[in-house]
Amino acid sequence: MKFTHLNNAGSAYMVDVTEKNPTVRTATAQGEVACSSEVLTALREGSVPKGDVLAVARVAGIAAAKKVPDLLPLAHTIGVHGCAVDIELRGDHVFIEATVRTADRTGVEMEALTAVNIAALALIDMVKGVDRSAYIRRCGITAKSGGRSGDWSRELPGAQEG
């Protein structure tokens, strides 16, 4: 197996995308924050002491998608032309889905994953006073489109509806 970010000597480098043509690309990631029924009730009622948790998490995810090159040393600086972070309260968890779009030379999978994870971290930060056991689970890319490799999708193993 050849990793694209390693040269023939095994050293890390940034892949050169100069010659690639910009194309429309989309990536979607999903994740969950498992938390107590007490937190879910507080989120439904809007009674978390720190304020509107879901709005803060949504905005944190969007902001994070635009910061990927600052966080991942080999990621390219690309234009994030669209980012939606959707959050739903389900069963024993909070479901987070982020879809990121660009018209650039490389994909936005890392941007979508970062949006989900930072939204989840913002949520945990705001509810940790009520539930210190909240945690992120089942996070991954669920779809991508555009670019040389075309379209791809999957369901995350163990993902729960409801």
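Residues numbered from 1 in each chain as written. Predicted model: local features only at pLDDT ≥ 70, side-chain atom pairs only at ≥ 80, totals over all residues. Heavy atoms only, no water.

Student: I'd like to hear about the overall build of the protein chain, residue by residue, with values.
Tutor: Scanning the protein chain from terminus to terminus reveals four helices and five strands. Along the first, second and third principal axes, the C-alpha atoms of the protein chain reach 50 × 30 × 25 Å. Taking the contacts inside the protein chain whose residues are at least 6 apart along the sequence as the reference set, 68% of them involve residues at least 24 apart. Surface exposure of the protein chain reaches about 9000 Å², of which carbon and sulfur atoms provide 53%. Mean positive and mean negative side-chain charge positions of the protein chain (18 and 19 charges, respectively) differ by 4 Å. (Helix = DSSP H or I, 4+ residues; strand = E, 2+ residues; numbered from the N terminus. Contact = heavy atoms within 4.5 Å. Areas by Shrake-Rupley, 256 points an atom, 1.4 Å probe, with all protein chains shown as cover. Lys, Arg positive; Asp, Glu negative; His and termini not counted. Charge placed at Lys NZ, Arg CZ, Asp CG, Glu CD.)

Student: Hey, could you go over the UniProt feature "domain: Molybdopterin cofactor biosynthesis C (MoaC)" (unreviewed entry) in the protein chain for me, with residue numbers and the actual values?
Tutor: In the numbering used here, UniProt assigns the "domain: Molybdopterin cofactor biosynthesis C (MoaC)" (unreviewed entry) feature to residues 14-147. As annotated, residues 14-147 comprises 34% helix and 33% strand, and the C-alpha atoms at either end are separated by 18 Å. (UniProt positions renumbered as here; feature names shortened; annotations may be inferred.)

Student: Which residues make up the environment of A29, and what values do they have?
Tutor: Among the secondary structure elements, A29 is positioned in strand 1 (residues 23-34). Counting along the chain gives 71 residues from A29 to V100, while the straight-line C-alpha distance between them is 8.8 Å.

Student: So, the environment of D52: which residues are in play, and what are the values?
Tutor: For D52, the position within the fold is in the loop between helix 1 (37-45) and helix 2 (53-65). Taking C-alpha positions, D52 is 22 Å from A112, a pair spaced 60 residues apart along the chain. A polar side-chain atom of D52 sits 3.2 Å from the main-chain amide nitrogen of A55. (Polar contact = N/O pair within 3.5 Å; in protein donor to acceptor, adjacent residues only side chain to side chain.)

Student: Now, about a nonpolar patch on the surface: what can you tell me, with residues and values included?
Tutor: The grouping of M1, F3 and L6 at the surface amounts to a nonpolar patch, some 390 Å² of accessible area in total. With respect to the element layout, F3 can be found in the segment before strand 1. (Patch = residues over 30% accessible without salt bridge, like charges linked within 9 Å, V, L, I, M, F, W, Y side chains within 5 Å. Salt bridge = Lys/Arg side-chain N within 4 Å of Asp/Glu carboxyl O.)

Student: Describe the packing of aromatic side chains, naming the residues involved and giving the relevant values.
Tutor: Scanning the entire structure with this criterion turns up zero aromatic pairs. Above the ring of F95, the side-chain terminus of R90 is found at 3.8 Å from the ring centroid. (Phe/Tyr/Trp six-rings, centres within 6.5 Å; stacked < 30°, edge-to-face > 60°. Lys NZ or Arg CZ within 6 Å of the ring centre and 35° of its normal.)

Student: Describe in detail empty space enclosed by the protein, supporting the description with residues and values.
Tutor: A full pass over the atoms with the stated rule returns one cavity of 30 Å³ or more. Within this model, the largest cavity holds a volume of roughly 30 Å³. Looking at the largest cavity, the residues that line it are A65, K66, V68, P69, H76, T77, I78, V80 and E111. Here the lining of the largest cavity is composed, by residue class, of five nonpolar, two polar and two charged. (1 Å grid on protein atoms, 1.4 Å probe; cavity = no way out; pocket = protein on both sides within 12 Å on 5 of 7 lines; lining within 4 Å. Points joined across faces, edges and corners; volume = space filled by probe spheres on them. Nonpolar A, V, L, I, M, F, W, Y, C, P; charged D, E, K, R; others polar.)

Student: Just give me the short version of the nonpolar core, but keep the residues and values in it.
Tutor: Nonpolar side chains in soluble globular proteins tend to end up buried together. Grouped together as the largest cluster of nonpolar side chains are 33 residues, with contacts concentrated most on V33, L43, V94, I96, L123 and V127. For this core, the secondary-structure elements that each account for two or more residues are strand 1, helix 1, helix 2, strand 2 (82-90), strand 3 (93-104) and helix 4 (109-127). Examining the composition of this core, we find that 10 residues originate from one element, helix 4, more than from any other. (Core = buried A, V, L, I, M, F, W, Y, C linked by side-chain atoms within 4.5 Å. Buried < 20%, exposed > 50% of the residue type's maximum accessible area, 1.4 Å probe, protein only.)

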